[in-house]
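Close look at the chain arrangement
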Amino acid sequence: MRIVNYEESFGEITFPQGFAERLVGLTIEEQMDCYRTTTYDRFHNTGWKSRRQDSGYCRLDKDSDVTALIVKDGILVGIMVKNHNNREQACLPEGFVCTYYAEDNNGAGYKTRSIFTHLVCISEDFAQNEDNGNALFRQFRSLQERAEAGGHDALELQFCTLPQKTPLELRVEVSGITHGRTDSLYVTDAQRFLQIYGHIFADGLYNNLQTGPVDVCGINYYAPERVMSMMSQVRRDAGQESEVLARWLDRARWYNGFYVLGI
């Protein structure tokens, strides 16, 4: 990942008590594992020594909003984050950056909504849960990264950014949908996804305006009024990994629904 030298304009570096000692003698790559990002206040507000592994935390190299590492005298002291204006902004330990803001979401009818990415410190006791290449859900920083990871063979969950008044037939029009967005969530194993979540994602709207189970080769559209109940079902019916999906659905509430786009 790109390295940026610390500048005073980024703000004052304030580590939690005892955390700086964790970083001494470690490589930058090893220091990256001493941090996580999260968009949940309940995780950010927890003391750094009390934090435990949860899918609500994200590794720095897996967060698509993290664009660079901030380093001072060989110590990782922060990250550069893509903010809601699509500009880089410094985020120092236990700080936050607004990464999403909207007042009406292009006419979708929803009021002001903000999402903040927090940079949090973690202890040596933080329970590790390595990906090992078996994660069901992935996000990519770029089309190139997606291609290198074989993302072209994955289902894509994509936000619908069309205005709320857009007729249903236009929301599912093939020519109006572009695959490969970097804010999409990708499903790496369609069969496993359907086994776990198929009952939740049933009755999606097809391109022919009929509904049914997930079409892994076509368009499946879900209206915004369904998102909350689907998010609740995901958290209730599935395991810890489902929190990744639930977090993405939480953002989908502020769009005009979302799609599951087939392979």
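What counts and how
- Residues numbered from 1 in each chain as written.
- Predicted model: local features only at pLDDT ≥ 70, side-chain atom pairs only at ≥ 80, totals over all residues.
- Heavy atoms only, no water.
- Helix = DSSP H or I, 4+ residues; strand = E, 2+ residues; numbered from the N terminus.
- Buried < 20%, exposed > 50% of the residue type's maximum accessible area, 1.4 Å probe, protein only.
- Contact = heavy atoms within 4.5 Å.
- Polar contact = N/O pair within 3.5 Å; in protein donor to acceptor, adjacent residues only side chain to side chain.
- Salt bridge = Lys/Arg side-chain N within 4 Å of Asp/Glu carboxyl O.
- Pairing = 2+ DSSP bridges.
- Axes fitted to C-alpha atoms, helices over the stretch in contact; angles between N-to-C directions.
- Phe/Tyr/Trp six-rings, centres within 6.5 Å; stacked < 30°, edge-to-face > 60°.
- Core = buried A, V, L, I, M, F, W, Y, C linked by side-chain atoms within 4.5 Å.
- pLDDT = per-residue confidence, 0-100.

Turning next to the overall build of the protein chain. In terms of regular secondary structure, the protein chain is built from 8 helices and 15 strands. When burial is assessed residue by residue, the protein chain has 48% of its 263 residues classed as buried. A separation of at least 24 residues holds for 66% of the contacts in the protein chain among residues at least 6 apart in sequence.

Residue position: Asn83 is located in the loop between β5 (75-82) and β6 (88-91). Leave out the neighbours within four places in its chain, and Asn83 touches Gln89, Val97, Cys98 and Thr99. There is a polar contact of 2.8 Å between the side chain of Asn83 and the backbone nitrogen of Asn85.

As a further point, take the pattern of salt bridges. Scanning the model with the defined rule gives 6 salt bridges in all. The residue Arg59 makes a salt bridge to Asp33 at a minimum N-O spacing of 3.1 Å. Within this pair, whereas Arg59 is found in the loop between β3 (57-58) and β4 (66-72), its partner Asp33 is found in the loop between α2 (28-32) and β2 (35-38), the two being separated by 26 residues in sequence. Among the residues examined, Arg59 registers a relative accessible area of 28% and is labelled partly exposed. Of the charged contacts, one joins Arg181 and Asp183 as a salt bridge, the two residues approaching to 2.8 Å between their closest N and O atoms.

The strand order across the open sheet built from 4 strands is β1-β4-β5-β6, with neighbouring strands paired in mixed fashion. Both outer strands of the open sheet, β1 (3-5) and β6, are each paired with one neighbouring strand and no more. Taking the axes of each pair of neighbouring strands and ignoring which way they run, one obtains an average angle of 35 degrees across the sheet. Pairing of β5 with β6 involves 4 bridges; the strand directions are antiparallel. When the sheet's bridge partners are listed, Val81 is paired in β6 with Gln89.

A few words on the packing of aromatic side chains. This structure, assessed with the given rule, holds 15 aromatic pairs. Consider the rings of Tyr222 and Phe258, whose centres lie 4.9 Å apart with planes at 20 degrees: the pair is stacked. Linking Tyr222 in strand β14 (residues 219-222) with Phe258 in strand β15 (residues 258-261), this pair joins segments that are 36 residues apart in sequence. For the pair formed by Tyr222 and Phe258, the shared burial category is buried. Put simply, the rings of Phe137, Phe159, Phe193, Tyr197, Phe201, Tyr222, Trp248, Tyr255 and Phe258 pair up and form one aromatic cluster.

Side chains that are nonpolar tend, in soluble globular proteins, to be buried together. Core analysis: the biggest nonpolar cluster contains 29 residues, and Phe193, Tyr197, Phe201, Leu245 and Phe258 have the highest contact counts within it. Looking at this core, the elements that each hand over two or more residues are β10 (155-159), β11 (185-187), α6 (190-197), α7 (224-237), α8 (242-252) and β15. It is α8 that contributes the most residues to this core, 5 residues altogether. If you look at the next biggest cluster of nonpolar residues, it comprises 18 residues, including Leu23, Met32, Val66 and Leu119.

Residues at a pLDDT of 70 or more form 81% of the protein chain, whose mean pLDDT is 83. Predicted confidence in the protein chain is weakest over helix α3 (residues 41-44), with a mean pLDDT of 58, and strongest over β1, with 97. Considering only residues more than four positions removed or in separate chains, one finds that residues 105-110, a stretch of pLDDT under 50, has 18 contacts. The low-confidence segment residues 127-133, where pLDDT is below 50, has 8 contacts with residues more than four positions distant or belonging to other chains.

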